[in-house]
Amino acid sequence: METALLNRVSEFEWKIEPHGKMRVPAVLYASEDLIHDMDAKVYEQIVNVATLPGIQKAAYAMPDAHWGYGFPIGGVAAFDPEQGGVVSAGGVGFDISCGVRTLLTGLKSDDITTVKQTLADALYRHIPAGVGSRGLLNFTDSQLDEMLDGGAQWALRMGYGVEADLDRTEERGRMLGAQPGTVSGFAKNRQRREMGTLGSGNHYLEVQRVVSIFDEPSARAFGIQLDDILVSIHCGSRGLGHQIGTEFLRDMVMQAAQYGIELPDRELACAPIESPLGEKYLGAMRSAINCALANRQMITHLVRRAFAEVVPKAELIVLYDVSHNTCKVEEHKVDGCTKRLFIHRKGATRAFGPNHPAIPEALRSIGQPVLIGGTMGTASYILVGMGESEKRSFSSSCHGAGRQMSRHQATKLWRGRQLIDDLADRGILIRSPSSRGVAEEAPGAYKDVTEVVEVAENAGLSRRVARLEPMVCIKG
Amino acid sequence: MQVGKPTKESTARWEHFPHGADIGVRGIAATKEGAYEQAALALMGVITDPSRVVGRRVVVVECEAENRETLLVDWLNALVYEMAVRGMIFRRFEVRIQGNRLRGRAWGEDVDVARHEPAVEVKGATYTSLFVGRNAAGEWVAQCVVDV
């Protein structure tokens, strides 16, 4: 993207003043290098978001923003129902409530050095991953509805976890307002046998080692020390979320004119929050959030089983679980007034600063853990929410590295088998059913996650706590 | 760019085109129906090499839309659904279109991870770079980006 198109507000903040049909400005948080690397489509898409009815303050792009569908990935926007605000299926995305859950293990790297291969094999055996993989259960309709209403709390009732897991999961594992009856039979059919599966694409499960601590007090509160072994799970609502996204995107495109909404891009399809279609989507989307929360809870159970087999002394405790494709109702200040807003985060992580009531009590004085997924060959980061992000981005931060290269280009540059061997030489074990899938997810296909999180910190969105490097990666 | 090449009998072919994090599928043929069939093959090409798939069983898909572009998205999404629910992958397609209605048949088999080595699941077909129409050579082109 050309920097000439933007007004530079500070070293890490860029603004697009309202023009044309924009109702509010657009704000991008990035370094000059990241702006240069950003696709020009991000400019077009964030400007389009700023034209939507009822949008508040500004449309925001996080440092990892890239070309998405309607909204850029890394896009944040808030809508006020009292000002005709909308809810957008494109603004949430196809993989509803995709997110990251990180587990503490109580282990140090020495504890797994000699059993790393066995552990990688056990995780790969226990956790279904990749195209065509099936979960442990074949759900009936009533079981599906219970899961879509209950989320991770349902999973606990089924024996997949412990109460403490919920304390460290957004919404305590259950998104209120879910309406399983608004979820189509097609969406339910796609999910019937997919619970407890990882999926494919950029989804993964990693065993990671803490290699740097940037913020000792926060790390202590999170229970992290140097050389600790952690496990991170990155996945979402699987086929159910994809089907809901597909169906509502179509319905919103078809009904936009009826609601008097002019769409600059079909993928920005939306409906008024206070409309039958908007309310129906919210009921289905919240059901998909519960599906994702239950899915990560079930995978947690499988991870515990695999560790129990190989390293019985491990004690897997949930550090935190965050979703980065959602629309949630939150209270934020706009022009000095506290408003109840519908915050869309598409490839962006909620990042509440200290003392927010939604943060678990034990962490409340520190801030919310913000879990940033990297690549299988580089690093992931744990950050903490900062109070000032409330006014900067409705308490939002980045979500990952963000792709910088198409899947095509990646398969031209790398061969999966070679990549797996090279990473093994560096001590990183990859398990995947598809060598082409590994090549498409090559670390070089992504932006530098370190620069992304440094910018997030410098821009006042969230602060670095720890850097994690992969030891084992299960790819779908 | 990955392609499905034309043969002696037909100039019908498919190809992929790049899109940021995802991938575009494009079918090209002498007829509109042929372009929809080739776009479906391009969709399979995102997942595996379609020539590795054996056409053991046939699945029938029907959809209806108010215009030919939406009909393409619906057709590809119907295949995504059938693959997900049946655990299948396809190698050959036959499309008939009457007015706004499409009836398609897809021949394929159950996913065999060892033989097909599926690279990635397709989440859904999108409206991005969506086009159904004729190219400069007069051939029909059917294309869109799919989310993976």
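In case you missed it, the structure is sitting above this.
This is a predicted model, so every value here is computed, not measured. (Residues numbered from 1 in each chain as written. Chains lettered and ligands numbered in written order. Predicted model: local features only at pLDDT ≥ 70, side-chain atom pairs only at ≥ 80, totals over all residues.)

## Concerning the overall build of chain A
Broken down by element type, chain A carries 16 helices and 19 strands. Taken against the 2.2 N^0.38 rule, which gives 23 Å for 476 residues, the C-alpha radius of gyration of chain A at 21 Å falls within 12% of a compact globule. The buried share of chain A, reckoned over its 476 residues, is 64%. Sequence-distant contacts, at least 24 apart, represent 78% of the contacts inside chain A between residues at least 6 apart. (Helix = DSSP H or I, 4+ residues; strand = E, 2+ residues; numbered from the N terminus. Rg over C-alpha atoms; globule rule 2.2 N^0.38 Å. Buried ≥ 20, exposed ≤ 12 C-beta atoms within 10 Å, placed from the backbone. Contact = placed C-beta atoms within 7 Å.)

## Quick notes on the overall build of chain B
On a plain count of helices and strands, chain B comes out with three helices and nine strands. When the elements of chain B are put in sequence order from the N terminus, they spell out β-β-β-α-β-α-β-β-α-β-β-β. Against the globule reference of 15 Å for 148 residues, chain B gives a C-alpha radius of gyration of 14 Å, in line with a compact fold. With the C-alpha coordinates of chain B rotated into their principal frame, the extents come out at 40 × 35 × 30 Å. For chain B, the proportion of its 148 residues judged to be buried stands at 53%. Contacts in chain B between residues far apart in sequence, at least 24 positions, make up 59% of those at least 6 positions apart.

## Details of the packing of helix α5 (residues 116–126) of chain A against helix α11 (residues 276–310) of chain A
Residue and element names in this part refer to chain A. Orientation of α5 relative to α11, taken along the N-to-C sense of each, is 145°, at an axis distance of 9 Å. Remark: the crossing between α5 and α11 carries right-handed chirality. Taking contact as the criterion, the partners of T118, L119, A122, L123 and H126 in α5 are, on α11, L302, V303, R305, A306, E309 and V310. Per-class residue counts for the contact of α5 with α11 are seven nonpolar, two polar and two charged. (Axes fitted to C-alpha atoms, helices over the stretch in contact; angles between N-to-C directions. Left-handed = near helix turned anticlockwise from the far one by under 90°. Nonpolar A, V, L, I, M, F, W, Y, C, P; charged D, E, K, R; others polar.)

## A look at the sheet that holds strand β4 (residues 57–64) of chain B
All names here are of chain B. Here three strands make up an open sheet; going across it, the order is β4-β6-β5 and the pairing antiparallel. Where the open sheet ends on each side, the last strands, each with one partner, are β4 and β5 (88–98). Between one strand axis and the next, the sheet turns through 20° on average, direction left out of account. (Pairing = 2+ DSSP bridges.)

## A word on the packing of helix α1 (residues 32–47) of chain B against helix α2 (residues 68–86) of chain B
All names here are of chain B. Between α1 and α2, whose axes approach to 10 Å, the crossing angle comes to 45°. If you check the angle between α1 and α2, you find them oblique. Seen from above, α1 lies across α2 with right-handed handedness. Facing α1, whose interface residues are Y36, A39, A40 and L43, α2 presents L72, W75, L76 and L79. A per-class count over the contact of α1 with α2 returns eight nonpolar, no polar and no charged. (Parallel < 35°, antiparallel > 145°, perpendicular 65-115°, else oblique.)

## As for the interface of chain A and chain B
At the junction of the two partners, chain A supplies 35 residues and chain B supplies 27 residues. Mapped by element, the contributors of at least two residues to the side of chain A that touches chain B are α8 (185–191), α10 (238–255), α13 (407–413) and α15 (435–440) of chain A. No other element matches α10(A), which puts six residues into the side of chain A that touches chain B. Of the residues that constitute the side of chain A that touches chain B, the class distribution is eight nonpolar, 18 polar and nine charged.

## Brief notes about α2(B)
With 19 residues, α2(B) should reach 27 Å at 1.5 Å per residue; the first-to-last C-alpha distance of 27 Å fits that figure. One or two positions beyond α2(B), positive phi appears at G87(B), with a value near 65°. (Expected span 1.5 Å × (residues − 1).)

## So, the pairing of strand β1 (residues 7–10) of chain A
Residues and elements named next belong to chain A. For β1 and strand β2 (residues 13–16), the ladder comprises three bridges, and the chain directions are antiparallel. Paired with S10 across the strands is E13, a residue of β2. Counting the residues between successive antiparallel strands, the hairpin from β1 to β2 contains two residues.

## Looking at the sheet that holds β2(A)
Residues and elements named next belong to chain A. Pairing is mixed across the open sheet formed by seven strands, whose spatial order is β1-β2-β3-β4-β5-β13-β12. For this open sheet the edge positions go to β1 and β12 (325–334), each flanked by a neighbour on one side alone. For this sheet the average axis-to-axis angle between neighbouring strands, irrespective of direction, equals 25°.

## Quick notes on the environment of G201(A)
Counting through the fold element by element, G201(A) comes out in the loop between α8 and β8 (204–213). When the C-alpha atoms of G201(A) and V211(A) are compared, they prove to be 26 Å apart, with ten residues separating the residues in sequence. Discounting chain neighbours no more than four positions away, the residues touching G201(A) are G476(A), V120(B), E121(B) and V148(B).

## Considering the nonpolar core
Ranked by internal contacts, the top residues of the largest apolar core, which has 213 residues, are L123(A), A39(B), L43(B), L76(B) and V146(B). Tallying contributions element by element places α11(A) first for this core, with 17 residues. If we skip the residues at most four places from it in the chain, L76(B) touches A39(B), A40(B), L43(B), A125(B) and V146(B). (Core = buried A, V, L, I, M, F, W, Y, C linked by C-beta atoms within 7 Å.)

## What about unusual backbone geometry?
All names here are of chain A. Residue E171 is not a glycine yet carries a positive backbone phi of 60°. Secondary-structure assignment places E171 in the loop between α7 (163–167) and α8. Look at E171 and you get buried, because 20 C-beta atoms sit within 10 Å. The phi torsion at D335 lies on the positive side, around 50°, for a residue other than glycine. Along the polypeptide, D335 turns up in the loop between β12 and β13 (337–346).

## Some remarks on helix α2 (residues 40–49) of chain A
All names here are of chain A. Most of α2 sits inside the fold, with seven of its ten residues counted as buried. For α2, the set of buried residues is V42, Y43, Q45, I46, V47, N48 and V49. For α2, the secondary structure elements touched by its buried residues are β2, β3 (26–29), β4 (59–66) and β5 (73–79).

## Some details on the environment of S389(A)
Residues and elements named next belong to chain A. Counting through the fold element by element, S389 comes out in helix α12 (residues 389–393). Counting along the chain gives 70 residues from S389 to A459, while the straight-line C-alpha distance between them is 8.8 Å. Apart from residues lying up to four places away in sequence, S389 is in contact with A351, G353, S395, S396, S397, G460, L461 and S462.

## Here we look at the pairing of strand β2 (residues 13–19) of chain B
Relative to strand β3 (residues 22–29) of chain B, β2(B) is paired through seven bridges, and the arrangement is antiparallel. Bridge assignment links F17(B) to a residue of β3(B), and that residue is G24(B).

## Regarding the environment of F131(B)
All names here are of chain B. Note that F131 resides in strand β8 (residues 131–134). Overall, F131 belongs to the partly exposed group, with 13 C-beta atoms counted inside 10 Å. Distance from F131 to T70, taken between C-alpha atoms, is 9.4 Å for residues 61 residues apart in sequence. When neighbours within four sequence positions are excluded, F131 is seen to be in contact with E69, V141 and Q143.

Just distances and angles here, no functional claims.
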